[in-house]
Amino acid sequence: MSATPTEKVDLDSRDNIERFVESFYARMLKDEQLAPIFWDVAQIDLDVHLPHIKDYWCKLLLGETKYQRHTMNIHRQLNDKRSLLPADFERWLALFMQSLEADFSGPKTERAKRVATSIAKNMQNSLSP
Ligand code: HEM
C-alpha cells in the first residue's frame with residue numbers, strides 16, 4: 001500500500017512551525033558540514049535549543065513575543081569559536097529551503113523564505129572580518 005501524500009500546509013500556526021523546525025533540524029543535525037558546529041562547537045542541548053528556535057519562528061511569523069534573546073550576539077560568540085563561513089550560510093539556507101519545500105506552502109511559508117534569506121545575509125555580512 002502506498003502512503004497518501006499529505007497536503008502541504010502553511011506556517012500559520014505554532015503546531016506547523018514546530019513541525020517545520022523539527023524537520024529542518026533533522027536535516028541540519030545529520031549534515032556533515034553543519035552538524036559538528038551544533039554538537040562539537042556549541043554543544044547544544046536539544047531540549048533547550050529547539051524550544052528557542054520554535055519561539056523565534058513563532059515570533060517572526062505569528063507575532064508571538066516569547067522569544068526575547070539576542071540572536072546576533074549568540075552567533076557572534078559562536079563565530080569567535082569557529083568562523084561561520086559563506087559556505088556555511090549557503091548550506092544552512094539550502095537545508096532551510098528544502099525543509100520548507102518538502103511539506104509547506106502558502107504566504108507565511110514564502111515569508112519565512114524571504115526573512116531567512118535576509119537575516120542570513122545580514123548575519124553573514126556582520127560577522128565577516
Ligand atoms: C552559518 C549559518 C548558521 C549556523 C551554522 C548556525 C548555528 C547555530 C548554533 C550552533 C546555535 C546554538 C548556539 C548556542 O546555543 O550557543 C544557533 C542558535 C540560533 N540560531 Fe543559528 N546558525 C546559523 C544561521 C542562523 C540564521 C540565518 C538564523 C535566523 C534566520 C539563525 C537563528 C538562530 C536562533 C534563533 C538561535 C537560538 C539562539 C538562542 O539561544 O536564543 N541561525 N545557531
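- An unreviewed UniProt entry annotates the protein chain as Group III truncated hemoglobin of Sediminihaliea albiluteola.

**Remarks on the overall build of the protein chain**
Next up, step 1: Each helix and strand counted, the protein chain has 6 helices and 0 strands in total.
Next up, step 2: Counting from the amino terminus, helix and strand elements in the protein chain follow one another as α-α-α-α-α-α.
Next up, step 3: Here the C-alpha radius of gyration of the protein chain, 15 Å, is about what a compact globule of 129 residues would show, namely 14 Å.
Next up, step 4: In terms of overall dimensions, the protein chain has C-alpha extents of about 50 × 35 × 25 Å along its principal axes.
Next up, step 5: The buried share of the protein chain, taken over its 129 residues, is 14%.
Next up, step 6: Contacts in the protein chain between residues at least 24 apart in sequence constitute 71% of all its contacts with a sequence separation of at least 6.

**Quick word on the site of the ligand**
Next up, step 1: The environment of the ligand is made up of 22 residues, and the closest members are Ala42, Tyr56, Arg69, Asp88 and Trp92.
Next up, step 2: Of all the elements in the fold, those that place two or more residues in the shell around the ligand are helix H2 (35–41), helix H3 (46–62), helix H4 (71–81), helix H5 (86–103) and helix H6 (107–127).
Next up, step 3: Looking at the shell around the ligand residue by residue, the classes come out as 16 nonpolar, 4 polar and 2 charged.

**Remarks on the nonpolar core**
Next up, step 1: With 11 residues, the main nonpolar core is built from Leu11, Ile17, Phe20, Val21, Phe24, Trp57, Cys58, Leu61, Leu100, Phe104 and Ala112.
Next up, step 2: Here this core gets 4 residues from one element, more than from any other, and that element is helix H1 (residues 14–28).
Next up, step 3: Not counting residues up to four positions away in its chain, the partners in contact with Leu100 are Phe20, Thr109, Ala112 and Lys113.

Conventions used here
- As a convention, each chain's residues are numbered from 1 in the sequence order in which they are written.
- Under the rules for a predicted model, residues below a pLDDT of 70 receive no local features and side-chain atom pairs below 80 are neither given nor counted, while totals for whole chains, interfaces and linings still include all residues.
- Think of it this way: any DSSP run of H or I at least four residues long counts as a helix, any run of E at least two long counts as a strand, and we number them from the N terminus.
- For this measure, only C-alpha atoms enter the radius of gyration; the expected value for a globule follows 2.2 Å times N^0.38, where N is the number of residues.
- Exposure in this text rests on C-beta crowding, where 20 or more other C-beta atoms within 10 Å of a residue's own make it buried, 12 or fewer make it exposed, and counts in between make it partly exposed. The C-beta atoms are placed from the backbone.
- Two residues form a contact once the distance between their C-beta atoms, set from the backbone, is within 7 Å.
- Note on definitions: a residue is near a molecule or strand provided its C-beta atom, placed from the backbone, lies within 6 Å of it.
- Following the grouping adopted for this structure description, the nonpolar residues are Ala, Val, Leu, Ile, Met, Phe, Trp, Tyr, Cys and Pro, the charged ones are Asp, Glu, Lys and Arg, and the polar ones are all others, Gly among them.
- What makes a nonpolar core is a set of buried Ala, Val, Leu, Ile, Met, Phe, Trp, Tyr and Cys residues, with links drawn between C-beta atoms within 7 Å.

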